[in-house]
Amino acid sequence: NESPKGYKRLQGDIQKATAGVAFFICRYSFCGFAVYVSCFFSNFALNKRIVTMDAAVNDRLFTRSYIYMCLANFLTAFSFFLLVPTLPFYLVDNFGLEPDIVGLVLSCYVLAVLCIRPFAGFVADVFPRKKVYLISYVLFALSFVGYLFVYSEILFFILLRVVHGFAFGALNTT
């Protein structure tokens, strides 16, 4: 009793799709948990106060600034994870790059994040955290707009990825 080849192929496609959906749910569940934890701690960091057990009992957790902070961090993660899966296809289609070069171009972002984090922590300690956070958030948002205008020269795309990485590294460090 052998089943037709088309049925086996369909069965394999269904298994691949199921595995993809499971991976998607796990990745975004973890991302949501990470954003929630970072929002919880960044709320206290921006208000520059130390919370003791007595103060924690009397304070409300869901204040307006906390909700705004959660929303900002959620939108940051959401926008980042919407962009990541599409960039390799964009680079191959518009610039005609080989897969190994695509990997090098996209890794510029990670290298920029790793390079800026120690300095961003120092800047956040020296200058007001709220101003550093807002400046890095504006730079992060503007770098998304920059992708609309970079369509002909790969060097400008790499430079934009580096600026985007600097903004993301500073944003998540503060």
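What counts, and where the lines are drawn
Every residue gets a number counted from 1 within its own chain, in the order that chain's sequence is written. Since the coordinates come from a predicted model, pLDDT governs what is reported: local features require at least 70, and pairs of side-chain atoms require 80 or more to be given and counted, while whole-chain, interface and lining totals use all residues. The side-chain numbers reported here are obtained from all heavy atoms of the structure, hydrogens and water having been left aside. Throughout this description, the term nonpolar core refers to a set of buried Ala, Val, Leu, Ile, Met, Phe, Trp, Tyr and Cys residues connected via side-chain atoms within 4.5 Å. For every residue, the accessible area (1.4 Å probe, protein chains only) is compared with the maximum for its type, and the residue is labelled buried under 20%, exposed over 50%, or partly exposed between those bounds. Only heavy atoms matter for contacts: two residues are in contact if any of them lie within 4.5 Å across the pair. Each aromatic pair joins two rings of Phe, Tyr and Trp (for Trp, the six-membered one) with centres within 6.5 Å, and gets the label stacked for planes under 30 degrees apart, edge-to-face for over 60, and tilted for any other angle. Helix numbering and strand numbering both begin at the N terminus, where a helix is a DSSP run of H or I of at least 4 residues and a strand a DSSP run of E of at least 2. Both site types are read off a 1 Å grid over the protein atoms alone. A 1.4 Å probe that fits but cannot get out defines a cavity, while an open set with protein on both sides within 12 Å along at least five of seven lines defines a pocket; lining residues have an atom within 4 Å of a point. Grid points are joined across faces, edges and corners, and a volume is the space filled by probe spheres set on the points. Only one rule defines a salt bridge in this text: a Lys or Arg side-chain nitrogen within 4 Å of an Asp or Glu carboxyl oxygen.

Draft legend 1. Just the nonpolar core, in detail. In terms of nonpolar packing, the biggest core is built from 12 residues, these being Leu-83, Leu-87, Leu-91, Phe-95, Leu-97, Val-102, Val-105, Leu-106, Tyr-147, Val-150, Phe-157 and Leu-160. Apart from residues lying up to four places away in sequence, Leu-106 is in contact with Leu-87, Pro-88, Leu-91 and Arg-161. Ranked by size, the runner-up nonpolar core spans 10 residues in total, among them Tyr-109, Val-113, Ala-167 and Leu-171.

Draft legend 2. Expanded view of the packing of aromatic side chains. Taken as a whole, this structure holds 15 aromatic pairs when the rule is applied. On the basis of an interplanar angle of 65° and a centroid distance of 6.5 Å, the ring pair of Tyr-137 and Phe-140 is categorised as edge-to-face. Here Tyr-137 pairs with Phe-140, and both are found in helix H6 (residues 129-146), just three residues apart, close to one helical turn.

Draft legend 3. Geometry of the layout of surface pockets. Put simply, the second largest pocket is a space of about 190 Å³. What lines the second largest pocket is Ile-116, Phe-119, Ala-120, Val-123, Val-132, Ile-135, Ser-136, Leu-139, Val-163, Phe-166, Ala-167 and Ala-170. Among the elements of the structure, helix H5 (99-126), H6 and helix H7 (154-173) are those that each provide at least two residues to the lining of the second largest pocket.

Draft legend 4. Focus on the pattern of salt bridges. Scanning the model with the defined rule gives one salt bridge in all. Across the pair Asp-125 and Arg-129 runs a salt bridge, and its minimum N-O distance is 2.9 Å. Judged by relative accessible area, Asp-125 falls into the exposed class, the value being 56%. A relative accessible area of 22% places Arg-129 in the partly exposed class.

Honestly, it's all geometry; don't read function into it.
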